[in-house]
Amino acid sequence: MSDLFECIRRDLFTAVIGDALDALGYRRQFLPPGLLPLEPGTRIVGRAMPVLEAPYPEGAGPGPLADKPFGVMFQALDDLKPGEIYIASGAALDFALWGGLMSTRARHLGAAGAILDGYVRDTSEIRALGFPVFSRGAYAQDQGVRGKVLDFRTPITIGGVQVCDGDMIVADDEGVLIVPRAVEDEAIAAAFQKASTENRVAEAIRGGMSSQEAFATFGVM
């Protein structure tokens with residue numbers, strides 16, 4: 001499977017996979033457009049490890065997480081498997097969900113990256129590590145006294161898109177795409193086929209074929 005993921009990372013991109021999902025009737029699989037890579041040009045492919053975070057002010061309680069700093073964040077982080085992507089949702093946009101030490105641990109575990117529906121901090125440290133992170137931007141305010149991870153490996157929703165444990169995620173400069181397991185094989189096969197066809201279209205257009213003729217001939221544009 002790692003060989004397939006490397007082929008996807010090298011030869012495909014979110015736009016063509018998204019088109020394939022559209023054709024299969026899965027037409028809302030991109031996460032919100034504000035989720036961008038910390039380092040432009042970053043591409044990641046991996047399996048989702050969903051993490052549910054929520055605002056949880058210090059002193060709130062008396063629930064089971066009241067006296068547990070960060071909730072179950074450390075358990076979630078330590079549970080990452082090689083090739084997985086830590087993807088978190090559910091937090092208010094007033095603290096960072098990810099930082100340098102988390103990146104160091106995730107990199108050691110062989111994780112493929114992290115995607116945060118929120119902010120990150122320690123950006124210079126993360127860049128130096130070369131660990132792929134997508135987020136809404138950088139903000140140094142800590143989550144320790146403001147939020148907690150409530151659960152992980154549980155379905156989450158980001159921008160109306162459900163993310164389940166083990167779903168394929170493909171992310172690049174143009175978006176973060178969730179590929180449901182139910183149509184994964186079909187969608188990726190169709191995407192490779194479409195990418196090949198688009199290469200032929202580009203060659204034909206460079207040779208002088210009009211866009212109208214190209215679309216009539218190949219059916220893509």
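Quick caveat, the model's predicted, so the values are computed rather than measured. (Residues numbered from 1 in each chain as written. Predicted model: local features only at pLDDT ≥ 70, side-chain atom pairs only at ≥ 80, totals over all residues. Heavy atoms only, no water.)

1. Details of the domain arrangement of the chain
Logical step 1: Taken domain by domain, the chain holds domain 1 (1-28 + 182-220) and domain 2 (31-181).
Logical step 2: For domain 1 and domain 2, the distance between their C-alpha centres works out to 29 Å.
Logical step 3: Each partner contributes residues to the interface: domain 1 has 19 residues there, and domain 2 has 18 residues.
Logical step 4: A buried area of about 1600 Å², summed over both sides, lies between domain 1 and domain 2, and 65% of it is on carbon and sulfur atoms. (Domains from an automatic or database assignment. Contact = heavy atoms within 4.5 Å. Buried area = accessible area lost by both parts, 1.4 Å probe.)

2. Examining the UniProt feature "binding site: Mg(2+)" (unreviewed entry) in the chain
Logical step 1: With numbering matched to this structure, UniProt assigns "binding site: Mg(2+)" (unreviewed entry) to Asp122.
Logical step 2: By secondary structure assignment, the location of Asp122 is in the loop between β6 (119-120) and α5 (123-129).
Logical step 3: A polar atom in the side chain of Asp122 sits 2.9 Å from the backbone nitrogen of Gly100. (UniProt positions renumbered as here; feature names shortened; annotations may be inferred. Helix = DSSP H or I, 4+ residues; strand = E, 2+ residues; numbered from the N terminus. Polar contact = N/O pair within 3.5 Å; in protein donor to acceptor, adjacent residues only side chain to side chain.)

3. Structural notes on the pattern of salt bridges
Logical step 1: Counted under the stated rule, the structure contains 12 salt bridges.
Logical step 2: One salt bridge in this structure joins Asp142 and Arg121, with 3.7 Å as the shortest N-O distance. Of the two residues, Asp142 is situated in the loop between β7 (133-135) and β8 (147-152) and Arg121 in the loop between β6 and α5; the sequence distance between them amounts to 21 residues.
Logical step 3: Taken together, the shared-partner salt bridges in this structure form one network comprising Asp79, Lys81, Glu84, Arg153 and Asp165. (Salt bridge = Lys/Arg side-chain N within 4 Å of Asp/Glu carboxyl O.)

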